[in-house]
Amino acid sequence: MKRAIRLAATRPRAALSKPGPSLQRRTFINPTASKEVLPVEITTLPNNIRVATEPTPGHFSSVGVYIDAGSRYESPKLLGCSHIMDRMAFKTTTSRSGEEMSTAVDSLGGQILCSSSRETIMYQSSHFHSSTPTAVSLLADTVRNAAFLPEELETVRDAAAYEIREINAKPELVMPELLHQLAYQNNTLGNPLLCPEDRLDVINGDLLRDYVNTWYRPERIVIAGAGMEHQELVELAYKHFGDMKAATSAPSPQLQSSTSTNGASSSRTNPPTHLLPPSSPSSPSLYKTITTAATSLFHPSPMQSPTAEPTWQELAAAKARYTGGQQFIYRPDLDMTHVYLGFDGLSIHDEDIYALATIQILLGGGGSFSAGGPGKGMYSRLYTHVLNLHSSIDHCSAFHHIYNDTSLFGLQLVSHAHHPVSSVLPLLAHQLSLLLYHPIPRTELTRAKNQLMSSLVMALESRSVEVEDLGRQILVHGRKVSVQEMCEKIARVDAADIKRVADRIFGAGMRGPPSVLVMGKKDVGEWAGVWKKYGLGGL
């Protein structure tokens, strides 16, 4: 059965048999069934920057710089800086004018971008193989040498203010951000993802340079590449980033290299001697940086200012503290009622994260109109149990935002104004209670696991997604967790795991109150009575 799941979760490659004069026979190779896994090589530079590559064939290469920084780490002084750093990327530097930077970016003939999230800031390029040296040079220049000219900052402020207004006007965009602020009130993941509007005029070049000096530290940086030789990227990384100073509290380790194959790693005994600092001791990196792939959109929220500015070490070590709560935002101008229901989930390091991800697929859902078929999740529970039975509900789906030390799992629903809002929480609670108290058919569970595995495999068909996944995983785990390993863990999830993990999240093991966020003309009412009726939260 596991073999069948793995076959369904991958996109097989056709291998031609020996050519003949007429028809050709074809055999299919299942990549997850093979023990031959392309190695992931990881090298640690003397200043603790890690360089990772994955050898994948193709005409394009991708390279990125991934930094363990983002809005969750911002202090009151630096609030909003990660958003502005994102928008100030690939502008004037101390070595290139804005026009020269723009011309160099255009000459790559590929894609180059910067993106900030709650736990990561990434600079990434996809380009022809021959342009890798230029791409790394541009990434290094904008990461290390940004000029932060006043006129460019003013342009970015205007663009950010417009962006904030646009997002505030669209409930489907602002609700995920408001939910984070409700779920993690005044701490870490509750910080606004984009710069609060009243902070735009406060952020200047000096503050951004302070942000760079605080968070752009070598031990918090990973340089990842796909489609190029490992040694080539190591040489380029050392050329452009090798002079960054390591943390004074940590000794400079000897350049280290490892080859990872499906989670296993082995040290290279003879690292390139020309990259070693003189008399540097050989020791493993003392830092294990952390992040994950999860982003959402912004709405400004006040942050309580502590009596003293926390140190960067305190901010980096701060754990997300789930608070939960209920909030109603009165919007008489809306024709729809928007409801978000969130729970304290599991961290990316928890082994049950695969079961919780399967629960999300099992619940599924989407919009009331879909141009797709079964592959779009139209056989999932929120489609068959909610959308197909209630014509006044426009959207209902499960969501799951995963972070390094927690996750935010839940359901969202959008209904027309004439739909009775008092029925919304009972409707959602009923779907959750079914996971706790009713057996899950094997065919339904198998379908959900196949959909989850296939989405992982198909996403990695993109070179840019592949290199981003590599960079983020090195930040999170210190190694590459292969898609084969993830698919094997998903395949092992059974009905008992689903029930046990559901009990951890919204059953007797529920940690803290749910996060209930409503925007519209009417509120949905209190959640406690509904929870007791449906046996949620141990009530």
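These lines cover the structure that appears in this document, whether it is placed above or below. (Residues numbered from 1 in each chain as written. Predicted model: local features only at pLDDT ≥ 70, side-chain atom pairs only at ≥ 80, totals over all residues. Heavy atoms only, no water.)

Quick word on the overall build of the chain
- Secondary structure assignment for the chain yields 17 helices and 16 strands.
- Counting over 539 residues, the chain shows a buried share of 55%.
- The long-range share in the chain, meaning contacts at least 24 apart out of those at least 6 apart in sequence, stands at 81%.
- On the chain, roughly 23500 Å² of surface is accessible, and the fraction owed to carbon and sulfur atoms is 54%. (Helix = DSSP H or I, 4+ residues; strand = E, 2+ residues; numbered from the N terminus. Buried < 20%, exposed > 50% of the residue type's maximum accessible area, 1.4 Å probe, protein only. Contact = heavy atoms within 4.5 Å. Areas by Shrake-Rupley, 256 points an atom, 1.4 Å probe, with all protein chains shown as cover.)

So, the nonpolar core
- Core analysis: the biggest nonpolar cluster contains 57 residues, and Ile359, Leu363, Leu435, Phe506 and Trp531 have the highest contact counts within it.
- In this view, Ile359 contacts Phe409, Leu435, Ile498, Val501 and Ala502; residues no more than four positions away in its chain are not counted. (Core = buried A, V, L, I, M, F, W, Y, C linked by side-chain atoms within 4.5 Å.)

Describing the pattern of salt bridges
- What the rule picks out here adds up to 25 salt bridges.
- Arg87 is the partner of Glu163 in a salt bridge, and the nearest nitrogen-oxygen pair spans 2.6 Å. Here Glu163, found in helix H5 (residues 150-168), pairs with Arg87, found in helix H2 (residues 81-87); they are 76 residues apart in sequence, far enough to count as distant.
- You can call Arg87 partly exposed: its relative accessible area is 29%. (Salt bridge = Lys/Arg side-chain N within 4 Å of Asp/Glu carboxyl O.)

What to know about the pairing of strand S6 (residues 111-116)
- Here S6 runs beside strand S7 (residues 121-128); their pairing, made up of 6 bridges, is antiparallel. Looking at the pairing, Ser116 lines up with Ile121 of S7.
- Linking two consecutive strands that pair antiparallel, namely S6 and S7, is a turn of 4 residues. (Pairing = 2+ DSSP bridges.)

Overview of the packing of helix H10 (residues 353-363) against helix H16 (residues 495-506)
- Interhelical geometry of H10 versus H16 gives an angle of 90° and a closest axis separation of 9 Å. In terms of orientation, H10 lies roughly perpendicular with respect to H16. Facing H10, whose interface residues are Ala355, Leu356, Thr358 and Ile359, H16 presents Asp497, Ile498, Val501, Ala502 and Ile505.
- Split into classes, the residues belonging to the contact of H10 with H16 amount to 7 nonpolar, 1 polar and 1 charged. (Axes fitted to C-alpha atoms, helices over the stretch in contact; angles between N-to-C directions. Parallel < 35°, antiparallel > 145°, perpendicular 65-115°, else oblique. Nonpolar A, V, L, I, M, F, W, Y, C, P; charged D, E, K, R; others polar.)

Regarding unusual backbone geometry
- Residues other than glycine seldom take positive phi values, yet Phe90 does so here, at roughly 60°.
- When you line up the elements, Phe90 lands in the loop between H2 and helix H3 (98-107).

Examining the sheet that holds strand S14 (residues 393-402)
- The mixed open sheet is built from 6 strands, whose spatial order is S11-S16-S12-S15-S14-S13. In this open sheet, the two strands that pair with only one neighbour each are strand S11 (325-330) and strand S13 (365-367). Between one strand axis and the next, the sheet turns through 20° on average, direction left out of account.
- For strand S12 (residues 336-344) and strand S16 (residues 515-520), the ladder comprises 5 bridges, and the chain directions are antiparallel. Residue pairing in the sheet places Gly342 in a bridge with Ser515 of S16.

Overview of empty space enclosed by the protein
- A complete count under the given rule lists 1 cavity of 30 Å³ or more for this structure.
- Ile361, Leu362, Tyr379, Ser380, Glu444, Arg447, Ala448 and Gln451 together form the lining of the largest cavity.
- Among the secondary structure elements, those contributing two or more residues to the lining of the largest cavity are H10 and helix H13 (442-459).
- The element that contributes the greatest number of residues to the lining of the largest cavity is H13, accounting for 4 residues. (1 Å grid on protein atoms, 1.4 Å probe; cavity = no way out; pocket = protein on both sides within 12 Å on 5 of 7 lines; lining within 4 Å. Points joined across faces, edges and corners; volume = space filled by probe spheres on them.)

Observations regarding the packing of aromatic side chains
- The final tally for this structure, using the stated rule, is 13 aromatic pairs.
- Pairing Tyr73 with Trp215 gives two aromatic rings, centres 5.2 Å apart and planes at 35°, and the pair type is tilted. Taken together, the residues span a long stretch of sequence, with Tyr73 in the loop between strand S5 (60-67) and H2 and Trp215 in helix H7 (residues 205-215) at a distance of 142 residues. Both residues of the pair, Tyr73 and Trp215, count as buried. (Phe/Tyr/Trp six-rings, centres within 6.5 Å; stacked < 30°, edge-to-face > 60°.)

Regarding the environment of Val386
- Considering the arrangement of structural elements, one finds Val386 in helix H11 (residues 381-387).
- It is 9.8 Å that separates the C-alpha atoms of Val386 and Ser368, two residues lying 18 residues apart in sequence.

Considerations on the side chain of Gln412
- Among the secondary structure elements, Gln412 is positioned in strand S15 (residues 407-416).
- Among the polar contacts made by the side chain of Gln412, one reaches the side chain of Tyr340 at a distance of 3.1 Å.
- Excluding anything up to four places from it in sequence, Gln412 contacts Val339, Tyr340, His395, Cys396, Ser397 and Phe399. (Polar contact = N/O pair within 3.5 Å; in protein donor to acceptor, adjacent residues only side chain to side chain.)

Examining the packing of helix H4 (residues 132-144) against helix H8 (residues 230-241)
- Packing of H4 against H8 brings their axes to within 10 Å, and their N-to-C directions diverge by 30°. Considering how the two elements wind past one another, H4 and H8 form a crossing that is right-handed. Residue-level inspection shows Thr132, Pro133, Val136, Ser137, Ala140, Val143 and Arg144 of H4 in contact with H8, the latter providing Glu232, Leu233, Leu236, His240 and Phe241.
- A breakdown of the residues in the contact of H4 with H8 according to their chemical character gives 7 nonpolar, 3 polar and 2 charged. (Left-handed = near helix turned anticlockwise from the far one by under 90°.)

Notes on the pairing of strand S8 (residues 221-226)
- In terms of burial, S8 is largely enclosed, as 6 of its 6 residues are buried.
- Side-chain alternation along S8 places Ile221, Ile223 and Gly225 on one buried face and Val222, Ala224 and Ala226 on a second face that is also buried.
- Taken together, the 5 bridges between strand S4 (residues 50-54) and S8 define a ladder with parallel strand orientation. Across the sheet, residue Glu54 finds its bridge partner in S8, namely Ala226.
- Bridge count for S5 against S8 is 6 bridges, and the pairing is antiparallel. In the strand pairing of S8, Ile67 is matched with Ile221.

Notes on the environment of Pro55
- Relative to the helices and strands, Pro55 resides in the loop between S4 and S5.
- Looking at Pro55, the relative accessible area reads 35%, which means it is partly exposed.
- Remark: the alpha-carbon pair of Pro55 and Gly227, spanning 172 residues in sequence, is separated by 5.2 Å.

Everything listed here is a matter of geometry and, on its own, says nothing about what the molecule does.
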